[in-house]
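Summary of structural features
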Amino acid sequence: IRMHDSFGFRLLEQSGTANFANNDAFLNFFKGLRIVADTTGGGAGIMYVDLEGNFSKLTLYYSSISVNNQGIPVASHHSFDFFMTSSSVSFNQYKHQHSGSILEAIQDPNPDGDNIVYVQSMAGLKTRVQIPHLKSLGNIAINKASLVITEVPDSNNQSTALTTPAQMLTLRVGANGENDFLLDQTESNYGGFKTIVNKNGELVSQYSFNIARHLQLVVNGDIEDFGMYLLTFPSSEIADRLILGGNHPDYGLRLNLTYQKIN
C-alpha cells in the first residue's frame, strides 16, 4: 500500500530525535496504522492479513545526497524497515450493515419466531439459549448432558460464499447479559466442533457440546441461570455464520440428558 510522501517525511524528520531513542518512545510518537476496506465499490469480500509474517512491515524509502571528489552531488538510495512482530499490538474492529438483509427482519420482530436463529462472527449476532424446567427435575446427579445444534439449510443458497464455522462456543450469560465462562470448557470432551450429518436428505453442519457440569450447577442452585450464548469461534478472526433451528420441527436444538434420581 503506497503511503503519501508527507508521511515518509514526517518519519524522516524524527531521525536523531528522542522519538527514535527506543521502541517505547517511537510507539508513543507513532500511534499506528488503520487499514480499512474500500466500501464505495460493488461486491463484497473478506481479506485476512497476517501481521506477524516475514512480509508484514512498514518500509521507508529515502535518498541521501553526498558530494564526490569532483564536487558533484550524488544521490544514494536507501530503505528502512519497521517490522511488525508478535509483540506488536493489533486489533480488529467490525461494523455490520444488516439493512436489506434477512437479519433486518428479526428485529421487527423475527417472522420465524424462535424456529430459526442466527449466529454470525465478527461483530455480528449471537443466540441466547434457555433451557426451562431444569430445577423441576429435583435432586438429581447428571451423568451426561449434550446440547446439539443443527444448521438449517440456507434457502438463499449462500453456503458457498458464507461457510459455517469449524468450531462453536457455548458461554454462560452473566447477570448483566455479558459473556461468562462455562465450567465445561476446561474439559477435553467439551466439543463444539463441526460434523457433517445427513438431515432430511441434505448435508448440514451439526455441533455437540458437553455441558453436564454447568447444568449440574444450575440444578443444584449453585449459580443463577440466565441461559447460554452460542457464538462462533474464533469470532474475531474468521468470517463465517450459521443459520440454526431453534424450536424448528426438523432442525431444532436438542438437549440429551442422562441423570440419576437421588433420594
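Scroll up to find the structure this text is about.
**Structural notes on the side chain of Thr 232**
Following the sequence through the fold, Thr 232 ends up in strand 10 (residues 228-233). Judged by relative accessible area, which is 2%, Thr 232 ranks as buried. The residues contacting Thr 232, other than those within four sequence positions of it, are Val 119, Gln 120, Ser 121, Pro 165, Gln 167, Met 168 and Asp 240.

**Description of the packing of aromatic side chains**
Counted by the stated rule, this structure contains 7 aromatic pairs. Within the aromatic cluster, the residues linked to one another by ring pairs are Phe 7, Phe 20, Phe 26, Phe 30, Phe 80 and Phe 82.

**Describing empty space enclosed by the protein**
For the coordinates displayed, the defined rule picks out 1 cavity of 30 Å³ or more. Within this model, the largest cavity holds a volume of roughly 40 Å³. No other element matches helix 3 (residues 212-220), which puts 3 residues into the lining of the largest cavity. Of the residues that constitute the lining of the largest cavity, the class distribution is 5 nonpolar, 3 polar and 1 charged.

**Let's talk about the sheet that holds strand 8 (residues 195-199)**
Ordered by their spatial adjacency, 4 strands build an open sheet running 8-9-5-12, and the pairing between neighbours is antiparallel. Each edge of the open sheet carries a strand with a single partner, namely strand 8 and strand 12 (254-261). For this sheet, the mean inter-axis angle between neighbouring strands, taken without regard to orientation, is 30°. Looking at chain direction, strand 8 and strand 9 (residues 202-210) are connected through 5 bridges and run antiparallel.

About the criteria used
- Residues numbered from 1 in each chain as written.
- Predicted model: local features only at pLDDT ≥ 70, side-chain atom pairs only at ≥ 80, totals over all residues.
- Heavy atoms only, no water.
- Helix = DSSP H or I, 4+ residues; strand = E, 2+ residues; numbered from the N terminus.
- Buried < 20%, exposed > 50% of the residue type's maximum accessible area, 1.4 Å probe, protein only.
- Contact = heavy atoms within 4.5 Å.
- Phe/Tyr/Trp six-rings, centres within 6.5 Å; stacked < 30°, edge-to-face > 60°.
- 1 Å grid on protein atoms, 1.4 Å probe; cavity = no way out; pocket = protein on both sides within 12 Å on 5 of 7 lines; lining within 4 Å.
- Points joined across faces, edges and corners; volume = space filled by probe spheres on them.
- Nonpolar A, V, L, I, M, F, W, Y, C, P; charged D, E, K, R; others polar.
- Pairing = 2+ DSSP bridges.
- Axes fitted to C-alpha atoms, helices over the stretch in contact; angles between N-to-C directions.

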